[in-house]
Amino acid sequence: MDLEAIQTLEQQSATLDPSPEDRLKATEAVVSQAEAFLSDLHQSPVFNRSDSEGAGLNDTPVRESGYELETVLSLFKSQMLESGLNPASPRHFGYIPGSGLFHSALADYLAAVSNRYSGIYAASPGAVRCEHLVLKWMADFLGYPSTMAGDLTSGGSVATLSAVVTARDAMGIRAKDVERSVIYMTEHTHHCVEKAIRIAGLSESIIRFVDIDDTLRMRADHLADRVRADKGEGLNPFLLIATAGTTNTGSVDPLMDLHTIARDFGLWFHVDGAYGGAFALCEPGKKALAGIELSDSVVMDPHKGLFLPFGTGAVLVRDGIKLHGPHRYEADYMQDTSALARPDMISPAELSPELSRHFRGLRLWLPLMLCGTAPFRAALEEKMLLARYFYQELSQIEGVELGPFPDLSIVIFRYIPKKGDPDGFNERLAHEIQNDGQVFLSSTMVNGSFVLRMAILSFRSHLKEVNQTISIIKDKIRQLDNCV
Ligand SMILES: *Cc1c(COP(=O)(O)O)cnc(C)c1O
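Owing to the predicted nature of the structure, the values given are computational and were not obtained by experimental measurement. (Residues numbered from 1 in each chain as written. Predicted model: local features only at pLDDT ≥ 70, side-chain atom pairs only at ≥ 80, totals over all residues. Heavy atoms only, no water.)

## A few points about the side chain of Ser181
Definition in use: We count a stretch as a helix when DSSP gives it H or I for four or more residues in a row; a strand needs E for two or more, and each element gets its number in order from the N terminus. For each residue, the accessible area found with a 1.4 Å probe, counting protein chains only, is set against the maximum for its type, and the residue is called buried under 20%, exposed over 50%, and partly exposed in between. Any pair of N or O atoms that falls within 3.5 Å is considered a polar contact. Within protein, one atom must be able to donate a hydrogen and the other to accept it, and sequence-neighbouring residues count only if both atoms are side-chain atoms. By definition, residues are in contact when any of their heavy atoms lie within 4.5 Å.
Positionally, Ser181 belongs in strand 5 (residues 181-185). Judged by its relative accessible area of 0%, Ser181 is buried. At 3.3 Å, the side chain of Ser181 forms a polar contact with the side chain of Asn236. Look past the residues within four positions of Ser181 in its chain and what remains in contact with it is Ile173, Ser205, Ile206, Asn236 and Phe238.

## Things to note about the site of the ligand
Convention followed: Whether a residue is near a molecule or strand is decided by its heavy atoms; if any one of them lies within 4 Å of it, the residue is near. In the scheme used here, Gly and all other residues not listed as nonpolar or charged are polar, with Ala, Val, Leu, Ile, Met, Phe, Trp, Tyr, Cys and Pro taken as nonpolar and Asp, Glu, Lys and Arg as charged.
The ligand sits among 14 residues. The nearest are Gly156, Ser157, Asp272, Asp301 and Lys304. One of the side-chain nitrogen or oxygen atoms of Thr247 is found 2.9 Å away from an oxygen atom of the ligand. Take His303: an N or O atom from its side chain is 2.8 Å from an oxygen atom of the ligand. Those elements giving two or more residues to the shell around the ligand turn out to be helix 6 (156-170) and helix 11 (302-305). Taken together, the residues of the shell around the ligand sort by class into 4 nonpolar, 7 polar and 3 charged.

## A closer look at the sheet that holds strand 9 (residues 297-300)
Let me state the cut-off plainly: Pairing between two strands is assigned when DSSP locates at least 2 bridges connecting them. Every axis in this analysis is a line fitted to C-alpha atoms, fitted for helices over the stretch in contact. Angles between the N-to-C directions lie between 0 and 180 degrees.
If you walk across this open sheet you meet the 7 strands as 4-10-9-8-7-5-6, and the pairing is mixed. Two strands bound the open sheet, and with one partner strand each, they are strand 4 (149-153) and strand 6 (206-209). Strand-to-strand twist in this sheet, taken as the mean axis angle between neighbours without regard to direction, amounts to 15 degrees. Two strands pair when backbone bridges link them, and strand 8 (residues 268-273) and strand 9 are joined in this way by 4 bridges, in the parallel orientation.

## With respect to helix 16 (residues 422-436)
Under the convention used in this document: One less than the number of residues in a helix, times 1.5 Å, gives the span that helix is expected to have. The directions considered for the arc run from the helix axis to the C-beta atoms.
Helix length check: helix 16 (15 residues) gives 21 Å between terminal C-alpha atoms against 21 Å at 1.5 Å per residue, within 8%. Buried within helix 16 are the following residues: Phe425, Asn426, Leu429, Ala430, Ile433 and Gln434. Taken down its axis, helix 16 places every buried residue within 165 degrees of arc, on the same side. Tucked inside the fold, the buried residues of helix 16 contact strand 1 (47-48), strand 12 (410-415), strand 13 (440-446), strand 14 (449-455) and helix 17 (463-482). One side-chain oxygen of the residue at the start of helix 16 lies 3.2 Å from the amide nitrogen of Asp423, identifying that residue as Asp421. Following helix 16 by one or two positions, Gly437 adopts a phi angle in the positive range, close to 80 degrees.

## Describing the pairing of strand 5
Under the convention used in this document: Whether a crossover is right-handed comes down to one check: with the strands pointing away from the viewer, does the path from the first strand over the helix to the second run clockwise; if it does, it is right-handed.
With 5 of 5 residues buried, strand 5 is to be regarded as a mostly interior element. Covered by surrounding structure in strand 5 are Ser181, Ile183 and Met185 together with Val182 and Tyr184, the residues of both alternating faces. Pairing between strand 5 and strand 7 (residues 236-243): 4 bridges, direction parallel. The residue of strand 7 that forms the bridge with Ile183 is Leu239. Taken together, the 4 bridges between strand 5 and strand 6 define a ladder with parallel strand orientation. Looking across to strand 6, one finds that Tyr184 is bridged to Arg208. Note that the unit made of strand 5, helix 7 (residues 191-199) and strand 6 has a crossover that is right-handed.

## Considerations on the sheet that holds strand 12
Read across the sheet, 5 strands follow the order 3-13-14-12-11 without closing on themselves; strand pairing throughout is mixed. Single-partner strands in this sheet number two, and they are strand 3 (92-93) and strand 11 (400-402). For strand 11 and strand 12, the ladder comprises 3 bridges, and the chain directions are antiparallel. The residue bridging Glu401 from the neighbouring strand is Arg414, located in strand 12. This element, helix 15 (residues 374-394), spans strand 11, strand 12 and strand 14 of the sheet and lies at about 15 degrees to strand 12. Along the sheet, helix 16 contacts strand 12, strand 13 and strand 14; its crossing angle with strand 14, the most-contacted strand, is approximately 30 degrees.

## Points about the pattern of salt bridges
Short version of the rule: Whenever Lys or Arg places a side-chain nitrogen within 4 Å of a carboxyl oxygen from Asp or Glu, that contact is recorded as a salt bridge.
This model, assessed by the stated rule, comprises 23 salt bridges. In this structure, the salt-bridge partner of Glu82 is Lys77, at a minimum N-O distance of 3.2 Å. With relative accessibility at 37%, the residue Glu82 sits in the partly exposed group. Arg360 is the partner of Glu354 in a salt bridge, and the nearest nitrogen-oxygen pair spans 2.8 Å. Among the ionic contacts, a cluster of salt bridges with common partners joins Glu131, Asp151, Glu354, Arg357 and Arg360.

## Some words on the pairing of strand 4
The buried fraction of strand 4 is high, at 5 of 5 residues. Residues of strand 4 alternate between two faces, with Ala149, Asp151 and Thr153 on one and Gly150 and Leu152 on the opposite face, all of them buried.

## A look at the layout of surface pockets
To keep things clear, this is the line we draw: Buriedness of a pocket was judged along seven lines, with at least five required to meet protein on both sides within 12 Å; pockets are open sets of points on a 1 Å grid over the protein atoms alone, cavities are sets where a 1.4 Å probe fits but cannot get out, and lining residues have an atom within 4 Å of a point. Grid points are joined across faces, edges and corners, and a volume is the space filled by probe spheres set on the points.
What the largest pocket holds in volume is close to 1,000 Å³. Along the walls of the largest pocket sit 32 residues, with Ala34, Phe37, Phe76, Phe102 and Ala105 positioned nearest its centre. For the lining of the largest pocket, the secondary-structure elements that each account for two or more residues are helix 2 (20-40), helix 3 (69-81) and helix 4 (102-114). Broken down by element, the lining of the largest pocket gets its largest block of residues, 9 residues, from helix 2. In this structure, the second largest pocket spans a volume of roughly 380 Å³. Taken together, Thr15, Pro18, Asp22, Arg23, Lys25, Ala26, Gly66, Tyr67, Glu68, Leu69 and Glu70 make up the lining of the second largest pocket. Every element with two or more residues in the lining of the second largest pocket is listed here: helix 2 and helix 3. Among the elements that take part in the lining of the second largest pocket, helix 2 stands out by supplying 4 residues, more than any other.

## So, a nonpolar patch on the surface
What counts here: To count toward a patch, a residue needs a relative accessible area over 30% and no salt bridge; like charges are then connected within 9 Å, while nonpolar side chains (Val, Leu, Ile, Met, Phe, Trp, Tyr) are connected within 5 Å. In these tables, accessible area is a Shrake-Rupley quantity obtained with a 1.4 Å probe, and a residue counts as shielded only by the protein chains included in the view.
A contiguous nonpolar surface patch, about 320 Å² in accessible area, is contributed by Leu57, Phe76, Met80 and Leu81. Given a relative accessible area of 48%, Met80 falls into the partly exposed group.

This is the structure in structure tokens:
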């Protein structure tokens, strides 16, 4: 055996394991860049159109030897931070704003450095307990019973997939049943639901888009009629998907009434609370979401309503064993771990499509432990009140047409110009506001009309930023309406 070769290879791989001095140097450089980013946040534009769009990365390719830390960090800044949207900005009011808790970043650092294996109880009982604890905390504020089980996922889409698969199996839908099985939703249901249905092998089932009322919520009476008619035709209605805060307009479907219909007709009642679920933490939110606690499964996105950095969704299932059903596994090479497993501490890997995974629980647990729940509760209530304030202020602007009074923290509106096509005008208005770069609003189509959306969700967005947005909207309307 050529021991010299082994030792040479050891030396060649040494930079993978930096010395304490090198670690400190790298950490200081990263921290100082992060600090610069955070202290610029209130000045820097929320949206950047850069010419290169990060293509400069290709000029510095991955190669045999590494680059200097300064080179790499400056590439990160110039190529990755200076084009597109800045979701960390307090002036981001488009889509569903993310924000990114600082304490979660510290938790991610610790999780990655210690690299605890959170997939399996026996591998890291403490990490798994931490995940169970934060899931239980969410279940408690939603009002779920202790029979629940849940999983922290990478986001709402994957959480939705788990929920759909769980509903499919719990309702006993086999391949031969798919064609006559019926799923109910509305045109405002998030597109990830249809994607999940497809991935779950249910694309040949029948999807009914239930009518919405003029507050853009699902019509319970229409749902009941549809289900009754479908049953009458010998079909198999099995799944109702309600949304607790649609992405489009923030409307909350009438959960209490929908639950009654689901119960009476024996449907699985799923609630998509990816955007809105976290509002159950505050009093007015709890009121708006009444009935969410009666669902069979619910999805919530901590990377939206609990302000975490992207990469954390959650699925909760009321009768936890049903989440276990499709996700359990046995494997010979895992026999040591199952011998150690505790029945009351089901491993995340048995509640999820994933096995090895990021230790996600820590990025929720650490901020909750350091800040307590009160600031989260306050921030969420503040967002709801800011949306109401925004609605009220916009109603004072002549020519502005508002959507429904906000259930949570999204307001839709458009301006009817003195002359000309309103859709074209509002499209220009949206682009003018976005290109200006100070605040970011997005747009959507509602009942065939082009509307603007103000979605308030970042913990950094406060009255000042909302007032700034209102005055920018007024200015842009004035400018555009005078030049038609
Ligand atoms: C964001 C969102 C989703 C999808 O969640 P991701 O985390 O982006 O995968 C699903 N439903 C609703 C209502 C959402 O707002």
